[in-house]
Amino acid sequence: MASSHPVRTSEKENSLLEKVLKAFPSADLTEDDLIQNPQFCKLLAKLSSHVDSTGLTKSLQKELKKADEELQTETKKWMRPMIIHQLLEEIVQEYIIGKYQSTVTPDDDKFYGTLEQCLLAAKCDVQLHLSEGPSSVLGISSKHVQRIMPSEQDVQDMEERLPKELEKHLKRKAFSILSYIQPESEKDSDGLKLEKFNHLPQLLKEERNRIEHLREENAEMAFKLTRQTHSYLNDLLEHMRLLQTLLLENRLKVQTKLDRKKLEYLEDKCKLGVQKIRVELLDIQLDTYTPSKISTHKKIREQLETELTATQKEKQAVENKLASYDMFGQEFKDLVEEFARLQVEIEAKKLAVDTLTKPEVQ
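From a predicted model like this one, the values you see are computed outputs, not experimental measurements.

Enquirer: Could you give me a rundown of the packing of aromatic side chains, with the residues and numbers involved?
Expert: Two aromatic rings are characterised by how far apart their centres lie and by the angle between their planes. This structure, assessed with the given rule, holds 2 aromatic pairs. Where Phe111 meets Tyr112, the ring centres are 4.9 Å apart and the plane angle is 75°; that geometry is what we call edge-to-face. Taken together, Tyr95, Phe111 and Tyr112 form an aromatic cluster joined through their ring pairs. Just above the ring of Phe111 sits the side chain of Arg161; from NZ or CZ to the centre is 4.6 Å.

Enquirer: I'd like to hear about a positive patch on the surface, residue by residue, with values.
Expert: On the surface, Lys253, Lys257, Arg260 and Lys261 cluster together to form a positively charged patch. Here Arg260 is to be found in helix H8 (residues 190-288). Owing to a relative accessible area of 46%, Arg260 belongs among the partly exposed residues under this scheme.

Enquirer: Would you mind going over the environment of Leu44 in detail, with residue names and values included?
Expert: Among the secondary structure elements, Leu44 is positioned in helix H3 (residues 38-47). Taking C-alpha positions, Leu44 is 6.3 Å from Val20, a pair spaced 24 residues apart along the chain.

Enquirer: Go over H3, please, and point to the residues and values.
Expert: Of all the residues in H3, the buried ones are Cys41, Leu44 and Ala45. In an axial view of H3, the angular spread of the buried residues amounts to 105°, which keeps them on one side of the axis. Structural note: H3 exposes Gln39 and Lys46 on the side pointing more than 90 degrees away from its buried face.

Enquirer: Give a detailed account of a nonpolar patch on the surface, specifying residues and quantitative values.
Expert: Taken together, Trp78, Met79, Met82 and Ile83 make up a surface patch of nonpolar side chains, about 430 Å² in accessible area. Of note, Met79 is situated in helix H4 (residues 58-98). Judged by its relative accessible area of 36%, Met79 falls in the partly exposed class.

Enquirer: Any chance you could break down the packing of helix H7 (residues 152-181) against H8 for me, citing the residues and the numbers?
Expert: Remark: H7 packs on H8, axes separated minimally by 10 Å, with the N-to-C direction vectors making an angle of 65°. One way to sum up the angle between H7 and H8 is to call them roughly perpendicular. Of the two elements, H7 crosses H8, and the hand of that crossing is left-handed. Taking contact as the criterion, the partners of Lys171, Ala174, Phe175, Ile177, Leu178 and Ile181 in H7 are, on H8, Asp190, Lys193, Leu194, Lys196, Phe197, Leu200 and Leu204. Across the contact of H7 with H8, the residue classes break down as 9 nonpolar, no polar and 4 charged.

Enquirer: Can you break down the packing of H4 against H7 residue by residue, with the values?
Expert: Describing two packed helices takes the angle between their axes plus the distance from one axis to the other. Here H4 crosses H7 at 85°, and the two axes come no closer than 10 Å. The orientation of H4 with respect to H7, classified from their angle, is roughly perpendicular. Taken together, the residues of H7 that come into contact with H4 (itself represented by Leu87, Leu88, Glu90, Ile91 and Glu94) are Leu162, Glu165, Leu166, His169, Leu170, Arg172 and Lys173. In terms of residue class, the contact of H4 with H7 is built from 6 nonpolar, 1 polar and 5 charged.

Cut-offs applied
Every chain's residues receive numbers from 1 upward, in the order its sequence appears when written. The model is predicted, so local features are restricted to residues of pLDDT at least 70 and side-chain atom pairs to those at 80 or more, both for listing and for counting; the totals for chains, interfaces and linings are taken over all residues. As a convention, hydrogens and water are excluded, and side-chain values are obtained from all of the structure's heavy atoms. Between rings of Phe, Tyr and Trp, where Trp is taken as its six-membered ring, a pair exists when centres lie within 6.5 Å; planes separated by under 30 degrees are stacked, by over 60 edge-to-face, and by other angles tilted. By definition here, charges over rings are those cases where NZ of Lys or CZ of Arg is within 6 Å of the ring centre and within 35 degrees of the ring normal. Exposure above 30% relative accessible area and no salt bridge define the residues that can form patches, which grow by joining like charges within 9 Å and nonpolar side chains of Val, Leu, Ile, Met, Phe, Trp and Tyr within 5 Å. The method behind every accessible area is Shrake-Rupley, applied with a 1.4 Å probe, and residues are considered shielded solely by the protein chains displayed. A pair is scored as a salt bridge if a Lys or Arg side-chain nitrogen falls within 4 Å of a carboxyl oxygen belonging to Asp or Glu. Charge assignment: positive for Lys and Arg, negative for Asp and Glu; neither His nor the chain ends contribute. Charge placement uses NZ in Lys and CZ in Arg. For Asp and Glu, CG and CD serve respectively. Helical segments are the DSSP runs of H or I of at least four residues, strand segments are the runs of E of at least two, and each set is numbered from the N terminus. Burial status follows relative accessibility: with a 1.4 Å probe on protein chains alone, a residue under 20% of its type maximum counts as buried, one over 50% as exposed, and anything between as partly exposed. The arc in question is the one spanned by the directions pointing from the helix axis to the C-beta atoms. Note on definitions: angles span 0 to 180 degrees between N-to-C directions of axes, and those axes are lines fitted to C-alpha atoms, for helices only across the stretch in contact. Convention used here: angles under 35 degrees read as roughly parallel, angles over 145 as roughly antiparallel, angles from 65 to 115 as roughly perpendicular, and any remaining angle as oblique. In this scheme the handedness of a crossing depends on how the near helix is turned from the far one: anticlockwise by less than a right angle means left-handed, clockwise means right-handed. Only heavy atoms enter the contact rule, under which two residues are in contact if any of them lie within 4.5 Å. The nonpolar class holds Ala, Val, Leu, Ile, Met, Phe, Trp, Tyr, Cys and Pro. Asp, Glu, Lys and Arg form the charged class, and all remaining residues, Gly among them, are polar.

Here it is, written out as structure tokens:
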């Protein structure tokens, strides 16, 4: 699987990759596959000097070329009589179609009739294999075929005229092919047409070579375009990653600024809210404490402060007395406690006397 991350290669590695990809165009290989498997790439580079683009070695390629030449030679030998037979059938068919459109002479009718019978007998002989014996299906033998054959004289006359008719037919087909390939040659004379037709194979060969050359150039351009596209896509991915990083960093910076501004806005808003609360408190205080209430509170405060001062002085005097009492020691403390106890008893007895004397008064 090709990596999504772009891989940078040196000029030497690029040359090696291009060599391998060109040497094996039919292999399902990509540039990323070769980059991820460098040893396999080197192996293919070494093999490319021993095999062709199809994977054949040079010796096998020579043998294959020789076999192709032999096959073409045998094919030509086999096709030559087949082509002549087909041309003869075309001549007969053209005559059959044309005789309904124009008048024909008895000699023409006899010639084409003899030719048609000979072709029919030859087709029966070939398709039924009569040279090997009678047909096992229809029971037809070569003697039955000889019955439909015309006389030897008619066959001899037909054979004498046949080359000329075949030449005329071939000339018409040649001119038709020439007109199809070179429409401007229709107005030329027959001699000039024949001259052009003789050069036509060479022209067609040159045209085929030109087309093959253009096809090779097109394949090479497609290969280069594929590599450039791959390189451009890798660069585009790298640029997109950089752009994404820059956008993210810029977004973080912008977001920080926005957050700071938002924080300042909220702080100002909070301060404004505190100020509003303080204003409301002041309004409440103004509504609650009128000037008369404030003067009254001041008087009360002054009186309380005066009483507080007097109480503090009294406290200080008591504390001084207690301090002077502490100077007499433990005996004085016992005496004080006894005095306090007696005071409590006196108070209790007074209370009891008052309780006892109240009913008598009533």
